[in-house]
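# Architecture at a glance
Chain by chain, the residues:
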Amino acid sequence: MVKLLIDKGIRDRLVLKAIGNVPRHLFIDSSFEDFAYQDKAFPIAAGQTISQPFTVAFQSEKLALSPGQKVLEVGTGSGYQSAVLCEMGMKVYSIERQKELFDNTRPLLQKLDYKLFMKFGDGYAGLPNHAPFDGIVVTAGAPEIPKALLSQLKVGGRLVIPVGAPVQRMKVLHRKSESDFEIQDFGDFRFVPMLHNKNV
Ligand code: SAH
């Protein structure tokens, strides 16, 4: 799969190494296990999906982080993207709003010895108590860019977020100063929607 990702244009060695190290078959339903190392998204619990490896690699690369930096993920889901960020040596914080997924994924990541901070809550609010972050990655399709996430980004940091509906454009907002963000657009991607608070 790493070779496939290189063929699709992923260059960051840290990302490729991390993807090579994470046992993706443990993050998906056993009925899809035989396909775990194909570049496909699959259904997980609560009507959600585990992102396609290319998408995980692409978003991780666009964060442009170095080991030891702090990253916030919105949409823990299966925990696969969190595991990749942990393998990259990041200090990982992750938020999930579906209780069922949160309750399944937390013990799985613990069992695999990935150490990260996980919160059951609404990603629109970010994690003000742990901010600022060197990078923020949103793994659900956002109708608009949440202001709280922008304010929790360090100067020099990047927010990687798919924006729009029903198809999203992958946007990277690079914080140049307190008030300036440089925005880049990396084309169409498809995600499950980022939804507001359910029952938190
Ligand atoms: N990173 C995940 C992708 C899961 S799909 C993985 O690697 O498997 C996106 C996830 O975002 C879903 O689990 C969904 O429940 C979650 N989500 C949607 N809206 C959210 C919100 N407002 N706050 C936190 N998580 C949210």
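The rules we used
Residues numbered from 1 in each chain as written. Predicted model: local features only at pLDDT ≥ 70, side-chain atom pairs only at ≥ 80, totals over all residues. Heavy atoms only, no water. Near = heavy atom within 4 Å. Polar contact = N/O pair within 3.5 Å; in protein donor to acceptor, adjacent residues only side chain to side chain. Areas by Shrake-Rupley, 256 points an atom, 1.4 Å probe, with all protein chains shown as cover. Helix = DSSP H or I, 4+ residues; strand = E, 2+ residues; numbered from the N terminus. Nonpolar A, V, L, I, M, F, W, Y, C, P; charged D, E, K, R; others polar. Core = buried A, V, L, I, M, F, W, Y, C linked by side-chain atoms within 4.5 Å. Buried < 20%, exposed > 50% of the residue type's maximum accessible area, 1.4 Å probe, protein only. Contact = heavy atoms within 4.5 Å.

All right, on to the site of the ligand then. Around the ligand there are 27 residues in total, and S78, E96, D122, G123 and L195 lie nearest to it. Contact distances for the ligand include 3.0 Å between a nitrogen atom and a side-chain N or O atom of E73. Coverage of the ligand by the protein chains reaches 99% of its 580 Å² of free accessible surface. For the shell around the ligand, the elements supplying multiple residues, two or more each, are β2 (49-50), β3 (70-74), α4 (80-87) and β4 (91-96). Within the shell around the ligand, the residues separate by chemical class into eleven nonpolar, twelve polar and four charged.

By size, the foremost hydrophobic cluster in this structure holds 41 residues, and its most contacted members are I10, I19, F27, V71, Y80 and V84. Elements represented by at least two residues in this core include exactly α2 (13-21), α3 (53-63), α4, α5 (99-111), β5 (117-120) and β8 (168-175). Excluding its chain neighbours within four sequence positions, the residues that come into contact with Y80 are M1, I19, V22, R24, F27, I50 and V56.

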